[in-house]
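Listed below, chain by chain, are the residues.
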Amino acid sequence: MRGTLRHRLSDLLRAEGGLVTARAEAANVLVPQADAEMQLPAAIGDYTDFYASIFHATNVGKMMRPDNPLLPNYKWCRSATTVARPRSS
């Protein structure tokens, strides 16, 4: 689905001769950037998990455990549940 959407938007905004050209049907699905309202896909609470990034976890670990900054359990998670991991586009 996401790939189809990206392909369609790319088609609507394809650069031709160095200029971005909006196709006639683009007006039906796009709004001017100045009129767009940015929204978050989820409500963000008052907690940030800095350990979500291996780089942040390693840097914090260096401060607390210089000899062993990243504990082995950081990279491995055993679970009976399949975890859906995000894929880059």
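Residues numbered from 1 in each chain as written. Predicted model: local features only at pLDDT ≥ 70, side-chain atom pairs only at ≥ 80, totals over all residues. Heavy atoms only, no water.

**Looking at the overall build of the chain**
Working step 1: From N to C terminus, the chain includes three helices and two strands.
Working step 2: Counted from the first residue to the last, the chain has its helices and strands arranged as α-β-β-α-α.
Working step 3: Residues counted as buried form 7% of the 89 residues belonging to the chain.
Working step 4: Considering only intrachain contacts with a sequence separation of at least 6, the fraction spanning at least 24 residues in the chain is 5%.
Working step 5: For the chain, the accessible area works out to roughly 8,700 Å², and carbon and sulfur atoms hold 58% of it. (Helix = DSSP H or I, 4+ residues; strand = E, 2+ residues; numbered from the N terminus. Buried < 20%, exposed > 50% of the residue type's maximum accessible area, 1.4 Å probe, protein only. Contact = heavy atoms within 4.5 Å. Areas by Shrake-Rupley, 256 points an atom, 1.4 Å probe, with all protein chains shown as cover.)

**Description of helix α3 (residues 54-64)**
Working step 1: Within α3 the residues assigned to the buried category are A57, T58 and G61. An end-on view of α3 places all buried positions within 100° of arc, on one side of the element. The outward face of α3, more than 90 degrees from its buried face, is lined by the exposed residues F55 and M63.
Working step 2: Taking the backbone nitrogen of F55 as reference, a side-chain oxygen 3.2 Å away marks S53 as the first, capping residue of α3. (Arc of directions from axis to C-beta. Polar contact = N/O pair within 3.5 Å; in protein donor to acceptor, adjacent residues only side chain to side chain.)

**Remarks on the environment of L13**
Working step 1: For L13, the location among the structural elements is in the loop between α1 (2-12) and β1 (15-16).
Working step 2: Placed 13 residues apart in sequence, L13 and A26 show a C-alpha to C-alpha distance of 8.1 Å.

**Describing the environment of I54**
Working step 1: Within the fold, I54 resides in helix α3.
Working step 2: Between the C-alpha atom of I54 and that of Y74, which follows or precedes it by 20 residues, the distance is 8.2 Å.
Working step 3: When sequence neighbours within four positions are dropped, the list of residues in contact with I54 reads L70, Y74 and K75.

Keep in mind these numbers describe shape, not what the thing actually does.
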